[in-house]
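Fold and geometry: a report
The residues making up each chain are set out below.
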Amino acid sequence: MITIGNLALDTDFEYRIIREEDNDLDIFIDLNYRSLDVCTKESEFFNSRIQFPFVRSLILRINKDKNTMTIHLMRDIDLFSAFANFEVDYKDSIFNIKNDNEKVYISKTLK
């Protein structure tokens, strides 16, 4: 597990910082075209998960002083190939990106 600003990140994937300016930071995580399941068990809108097939990579855009980040799902290596994005509040949580064969699970758990 790593800590970047207020973000506690537990991931099975290698990551690299692709942009850092003042308190803003972009983290690139290569998923190699796996299916991505976003676990939504705490949501009042979704029942259990949202699935995105064939995700090339993720970009986590965080501000080190805040507790929210925007997650961009990328279709290709090009930084302009995002096909979806959403915000996550990770206050008092561990943000998990876990590999399970050809599927990736994103979830957050309490610290």
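Everything numeric in this text was worked out from a predicted model, so none of it was measured.

1. Digging into the overall build of the protein
Counting its secondary structure elements, the protein contains zero helices and nine strands. What you see for the protein is a C-alpha radius of gyration of 13 Å, in line with the 13 Å of a compact globule of 111 residues. Each principal axis of the C-alpha atoms in the protein carries an extent, and together these give about 35 × 35 × 25 Å. Burial status across the protein gives 40% buried among its 111 residues.

2. Digging into the pattern of salt bridges
Overall, the coordinates contain nine salt bridges when judged by the stated rule. Two residues, arginine 19 and aspartate 26, come together in a salt bridge whose shortest N-O distance is 3.0 Å. Three or more residues are tied together by salt bridges with common partners; here these are Arg19, Glu21, Asp26 and Arg61.

3. Brief notes about unusual backbone geometry
Excluding glycine, most residues fall at negative phi; most peptide bonds, likewise, are trans. Positive phi is not limited to glycine here, since asparagine 32 has a value of about 55°. Looking at the element boundaries, asparagine 32 is found in strand β4 (residues 24–39). Look at asparagine 32 and you get partly exposed, because its relative accessible area is 47%. Located in the positive-phi region is aspartate 92, a residue other than glycine, with phi close to 55°. In this structure, aspartate 92 sits in the loop between β7 (82–89) and β8 (93–100).

4. Quick word on the packing of aromatic side chains
Think of a pair of aromatic rings as described by two things: how far the centres are apart, and how the planes are tilted against each other in angle. Evaluated as defined, the whole model comprises one aromatic pair. It is arginine 75 that lies over the ring of phenylalanine 83; its NZ or CZ is 4.0 Å from the centre.

5. Focus: the side chain of threonine 11
Among the secondary structure elements, threonine 11 is positioned in strand β2 (residues 7–11). A polar side-chain atom of threonine 11 sits 3.1 Å from the main-chain amide nitrogen of phenylalanine 13. Side-chain polar atoms of threonine 11 contact the backbone oxygen of isoleucine 97, separated by 3.3 Å.

6. Describing the confidence of the model for the protein
Here the protein shows a mean pLDDT of 93. Residues at 70 or above account for 100%. Strand β6 (residues 68–74) holds the highest mean pLDDT among the elements of the protein, 97, whereas strand β1 (residues 2–4) holds the lowest, 91.

7. Some remarks on the pairing of β4
Relative to β4, strand β3 (residues 15–21) runs antiparallel, the two sharing six bridges. Within the sheet, the bridge partner assigned to arginine 16 lies in β4 and is phenylalanine 28. Between β3 and the antiparallel strand that follows it, β4, lie two residues; aspartate 22 among them carries a positive phi value of about 50°. Relative to strand β5 (residues 49–63), β4 runs antiparallel, the two sharing twelve bridges. Within β5, the position partnered with leucine 36 by the bridge is phenylalanine 52. In this structure, β4 lies alongside strand β9 (residues 103–110), joined through four bridges in parallel fashion. If you follow aspartate 37 over to β9, its bridge partner there is tyrosine 105.

Reading the values: rules and limits
- Counting starts from 1 at the beginning of each chain's written sequence and moves along it residue by residue.
- In keeping with the model being predicted, local features are shown solely for residues with a pLDDT of at least 70 and side-chain atom pairs are shown and tallied solely at 80 or more, while totals for entire chains, interfaces and linings include all residues.
- To get the side-chain values, all heavy atoms of the structure are used, and hydrogens and water are removed first.
- Put simply, DSSP marks the helices as runs of H or I at least four residues long and the strands as runs of E at least two long, and each gets a number from the N terminus on.
- Atoms counted for the radius of gyration: C-alpha only. Globule rule: 2.2 Å times the number of residues to the power 0.38.
- Partly exposed describes any residue whose relative accessible area lies between the buried limit of under 20% and the exposed limit of over 50%, with all areas from a 1.4 Å probe on protein chains only and scaled to the type maximum.
- Within this document, salt bridges are pairs made up of a side-chain nitrogen of Lys or Arg and a carboxyl oxygen of Asp or Glu, the two lying within 4 Å of each other.
- Stacked, edge-to-face and tilted labels apply to pairs of Phe, Tyr and Trp rings (six-membered ring for Trp) whose centres lie within 6.5 Å, assigned for plane angles under 30 degrees, over 60, and everything in between, in that order.
- By the criterion adopted, a ring carries a charge over it if an Arg CZ or a Lys NZ lies within 6 Å of its centre and within 35 degrees of its normal.
- Polar contacts here mean pairs of N or O atoms no more than 3.5 Å apart (in protein, one a potential hydrogen donor and the other a potential acceptor; neighbouring residues in sequence count only if both atoms are side-chain atoms).
- A residue's pLDDT is simply how confident the predictor is in it, with values from 0 to 100.
- By this definition, two strands are paired if DSSP reports at least two bridges between them.

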